[in-house]
Every structure is written in C-alpha cells, then in structure tokens.
Amino acid sequence: VQLQASGGGLVQAGGSLRLSCAASGRTFSIYTVGWFRQAPGKEREFVAAISRSGGTTYYADSVKGRFTISRDNAKNTVYLQMNSLKPEDTAVYYCAADYTRSEGVLTTSRQYEYWGQGTQVTVSS
C-alpha cells in the first residue's frame, strides 16, 4: 500500500487543521493506521491510531481530547482532525499503515511497515 499525507500548514495557536492520509494499492480496510509526528531534534512519537473498521481508536495523552482520528474505507482515507492546536504540536506528521488480523491498534513506529512522506504542521504562538 502507498500512503500520501496532506493537509499540513501554518496555523495560530488555538486553531484547527485536518490532515488526510490517502492510500492506494491493496484493500485499505485490512490495515490499521496510525499517525506519528517528529519535531526538530526529537524522536518520532505516536499521536493516534485507528483499527481496520474504525471501531477502535487510541491517542497519546498529549493530544487526547483535542485530536480525532477517523477513516473512510470507501475513500481509502484516514483523517486526523486537530483542534486547539498548541505550539508544541509543531512537527512533521506521518501516517503509517500495517496489516492486522484483528480489530486492534498499533502504537509503536516499529510495528508499521508502510509510511507516507510526511506533512509539516506549524503552530505559531
């Protein structure tokens, strides 16, 4: 599967952005999908993940209550709605996918085989 992340940009603190992760290739509904981010000088960190059907989601504590992950398997797309953005959310955001047999989620980067190219999110104070 090939992944294309988009939707990043520059926004003021308190604003919102919606990232999209569009997939092409094999049947998208067999893949669990996650979002990760990497700020300059920092390691890549987990942000959110969603199961194959979308019935299970999981968030990092730092974004819980502000970010929402969702998916539309008919459109082969996963979304990350980001509200109440903070300067510390500034990073390159990556989507990732991996095949799972069950309805679980994956929360570490090493569990994911397929990665998108990343989209820059900059939050100004």
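Residues numbered from 1 in each chain as written. Predicted model: local features only at pLDDT ≥ 70, side-chain atom pairs only at ≥ 80, totals over all residues. Heavy atoms only, no water.

The next subject is the overall build of the chain. Looking only at helices and strands, the chain features zero helices and 11 strands. Counted from the first residue to the last, the chain has its helices and strands arranged as β-β-β-β-β-β-β-β-β-β-β. Relative to a compact globule of 125 residues, whose C-alpha radius of gyration would be 14 Å, the chain shows 13 Å and is just as compact. Expressed as lengths along the three principal axes of its C-alpha atoms, the size of the chain is roughly 40 × 25 × 25 Å. Across the 125 residues that make up the chain, the buried fraction comes to 43%. Sequence-distant contacts, at least 24 apart, represent 59% of the contacts inside the chain between residues at least 6 apart. Just so you have it, the chain exposes about 6300 Å², and 45% of that area is on carbon and sulfur atoms. Charge-centre separation for the chain: the mean point of 13 positive side chains lies 3 Å from the mean point of 9 negative side chains. (Helix = DSSP H or I, 4+ residues; strand = E, 2+ residues; numbered from the N terminus. Rg over C-alpha atoms; globule rule 2.2 N^0.38 Å. Buried < 20%, exposed > 50% of the residue type's maximum accessible area, 1.4 Å probe, protein only. Contact = heavy atoms within 4.5 Å. Areas by Shrake-Rupley, 256 points an atom, 1.4 Å probe, with all protein chains shown as cover. Lys, Arg positive; Asp, Glu negative; His and termini not counted. Charge placed at Lys NZ, Arg CZ, Asp CG, Glu CD.)

Time to look at the nonpolar core. Judged by nonpolar contacts, the single largest core of 37 residues is most densely connected at Trp35, Leu80, Met82 and Tyr93. Of all the elements in the fold, those that place two or more residues in this core are strand S1 (2-6), strand S3 (17-24), strand S4 (31-38), strand S5 (45-50), strand S7 (67-72), strand S8 (77-82), strand S9 (91-99) and strand S11 (119-124). (Core = buried A, V, L, I, M, F, W, Y, C linked by side-chain atoms within 4.5 Å.)

One open sheet holds the four strands; their spatial order is S1-S3-S8-S7, and the pairing between them is antiparallel. In this open sheet, the two edge strands, each paired with only one partner strand, are S1 and S7. Direction aside, the axes of adjacent strands within the sheet are offset by 15° on average. In this structure, S7 lies alongside S8, joined through six bridges in antiparallel fashion. Across the sheet, phenylalanine 67 pairs through a bridge with methionine 82, a residue of S8. (Pairing = 2+ DSSP bridges. Axes fitted to C-alpha atoms, helices over the stretch in contact; angles between N-to-C directions.)

Moving on: the packing of aromatic side chains. In the structure shown here, the tally under the stated rule is six aromatic pairs. One aromatic cluster is present, formed by Phe36, Phe46, Tyr58, Tyr112 and Trp115 through successive ring pairs. Across from the ring centre of tyrosine 94, 4.0 Å away, lies the NZ or CZ of arginine 44, which sits over that ring. A cation over a ring is seen here: arginine 71 above phenylalanine 28, with NZ or CZ 4.6 Å from the ring centre. (Phe/Tyr/Trp six-rings, centres within 6.5 Å; stacked < 30°, edge-to-face > 60°. Lys NZ or Arg CZ within 6 Å of the ring centre and 35° of its normal.)

Interpretation in functional terms is not warranted from these geometric data alone.
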